[in-house]
Amino acid sequence: MALEWLDELAAALAHIFRVSCHVITSPLDGAFAFDPSRGQYHSTAILERLSRTASEETRLLGVSELDLFVPVLTFVFGEAQLQGPCALISLHRLREEFYGLPARPGLFLERAIKEAVHELGHTFGLRHCPNWSCVMASTHAVERLDLKSAKFCASCARIALPA
Ligand SMILES: [Zn+2]
Ligand SMILES: [Zn+2]
């Protein structure tokens, strides 16, 4: 994926979390986590490997093009360590092209931001939120992802964004 695109994602995250956020350009290689019977990559294994390079003082977000799964689900948009330093998102199913529709780059970035904020929210200890418009609402389809906002509701914000 293009570096400029990652910079846009980083800028959005810095704005939402009110912290500095920079892009590490070293590639995230998930090939080892490939499951040939599913044709997908095991999200938890990649997250585990990612966490070896993380430090407790920061948050590390892996951004992958690979189609990720966990054994109980057909796919995941991302996964995170609850209260841990690492999160992982997949861009694979966030593009309109994946669904046979014309490309919408703005919508693609918006979805990636929401998914990144959601997974990072888990790293701050947040669980899923019953408020459908909150970014911490559980979403397993892009239609639902498009309905919710990129923002934390007031009660989630108190945990993720302490004043
Ligand atoms: Zn979640
Ligand atoms: Zn919430």
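Look above for the structure.
Every value quoted in this text rests on a predicted model; they were computed, and no experiment measured them.

**Q** Looking at this structure, how should I read the coordination of the zinc ion (ligand 2)?
**A** As a benchmark, a tetrahedral metal site with four donors has ideal angles of 109.5 degrees, while an octahedral site with six donors has ideal angles of 90 or 180 degrees. Distances from the zinc ion (ligand 2) to its protein donors, C129 (SG), C134 (SG), C153 (SG) and C156 (SG), fall at 2.3 to 2.4 Å. For the zinc ion (ligand 2), the four donor atoms in the first shell make angles of 107 to 113 degrees at the metal, so the coordination geometry reads as tetrahedral. Mapped onto the sequence, the residues coordinating the zinc ion (ligand 2) show the spacing C-x4-C-x18-C-x2-C. With C134 in the loop between α3 (105-123) and α4 (142-147) and C156 in helix α5 (residues 154-160), the pair connects residues that are 22 residues apart, well separated along the chain. Summarising the burial analysis for this pair, C134 and C156 share the class buried.

**Q** Hey, could you run me through the sheet that holds strand β2 (residues 40-42) in this one?
**A** Strands in a sheet are paired, the pairing made by backbone hydrogen bonds, and the direction either parallel or antiparallel. Spatial ordering of the open sheet is given by β1-β2-β4, a layout of three strands whose pairing is mixed. Each edge of the sheet is formed by a strand with only one pairing partner; in this case those strands are β1 (34-35) and β4 (68-69). In terms of strand pairing, β1 meets β2 through two bridges, oriented antiparallel. Each residue of the ladder has a partner; that of F34, found in β2, is Y41. Against the sheet, helix α2 (residues 43-51) touches β2 and β4, its axis set at about 50 degrees to β2.

**Q** Can you walk me through the side chain of S90 in this structure?
**A** Residue placement: S90 occurs in strand β6 (residues 86-90). At a separation of 3.1 Å, a polar atom in the side chain of S90 contacts the main-chain amide nitrogen of H92. Apart from the residues within four sequence positions on either side, S90 is in contact with S64, L66, D67, L68, V76 and F77.

**Q** When you look at the pattern of salt bridges in this model, what are you seeing that I'm missing?
**A** When their charged atoms lie close together, side chains carrying opposite charge are able to pair. Applying the stated criterion across every chain, the model contains six salt bridges. In this structure, E65 and R95 form a salt bridge, with 3.0 Å as the shortest nitrogen-oxygen distance. Linking E65 in the loop between β3 (60-64) and β4 with R95 in the loop between β6 and α3, this pair joins segments that are 30 residues apart in sequence. With relative accessibility at 22%, the residue R95 sits in the partly exposed group.

**Q** Sorry, what's going on with the coordination of the zinc ion (ligand 1) here?
**A** Coordination of the zinc ion (ligand 1) by the protein comes from H118 (NE2), H122 (NE2) and H128 (NE2), over a distance range of 2.0 to 2.1 Å. The sequence pattern formed by the donor residues of the zinc ion (ligand 1) is H-x3-H-x5-H.

**Q** Would you mind showing me how to read the pairing of β3 here?
**A** Where a strand is regular, its side chains alternate between the two sheet faces. Taken across its five residues, β3 has four buried, putting it largely inside the fold. Two strands pair when backbone bridges link them, and β3 and β6 are joined in this way by five bridges, in the parallel orientation. Bridge pairing in β6 links V63 to I89.

**Q** Could you clarify how one ought to interpret unusual backbone geometry in this entry?
**A** Leaving glycine out, the prevailing phi sign among residues is negative, and the prevailing peptide bond configuration is trans. Of note in this structure, R18 is not a glycine but carries a positive phi near 55 degrees. Judged by relative accessible area, R18 falls into the exposed class, the value being 60%. With phi around 65 degrees, Q83 is a residue other than glycine that occupies positive phi space. Tracing the backbone shows Q83 in the loop between β5 (78-80) and β6.

Parameters and conventions
- Residues take numbers from 1 onward in each chain, read along the sequence in its written order.
- Whichever chain is written first is A, and whichever ligand is written first is 1; the rest continue in order.
- This being a predicted model, a pLDDT of at least 70 is required before a residue's local features are given, and a value of 80 or more before pairs of side-chain atoms are given or counted; all residues contribute to the totals for chains, interfaces and linings.
- Where side-chain values are given, they derive from all heavy atoms of the structure, hydrogens and water being excluded.
- Any nitrogen, oxygen or sulfur atom within 2.8 Å of a metal ion counts as a donor, with the limit raised to 3.2 Å for Na, K and Ca, and since water is left out, coordination shells can look unfinished.
- By the criteria applied here, four donors are tetrahedral when all angles lie between 85 and 135 degrees, four are square planar and six octahedral when opposite donors are over 155 degrees apart and every other angle lies between 65 and 115, and any other arrangement is irregular.
- Each helix is a run of DSSP H or I of at least 4 residues and each strand a run of E of at least 2, with the numbering of both proceeding from the N terminus.
- Relative accessibility thresholds used throughout: buried, under 20% of the residue-type maximum; exposed, over 50%; partly exposed, between the two (1.4 Å probe, protein chains only).
- When DSSP finds two or more bridges between a pair of strands, those strands are recorded as paired.
- The contact criterion used throughout is that any non-hydrogen atoms of two residues lie within 4.5 Å.
- Every axis in this analysis is a line fitted to C-alpha atoms, fitted for helices over the stretch in contact. Angles between the N-to-C directions lie between 0 and 180 degrees.
- Identification of polar contacts relies on pairs of N or O atoms within 3.5 Å, with a donor-acceptor requirement for protein atoms, meaning one able to donate a hydrogen and the other able to accept it, and with residues adjacent in sequence counted only if both atoms are side-chain atoms.
- Salt bridge, as applied in this entry: a Lys or Arg side-chain nitrogen positioned within 4 Å of an Asp or Glu carboxyl oxygen.

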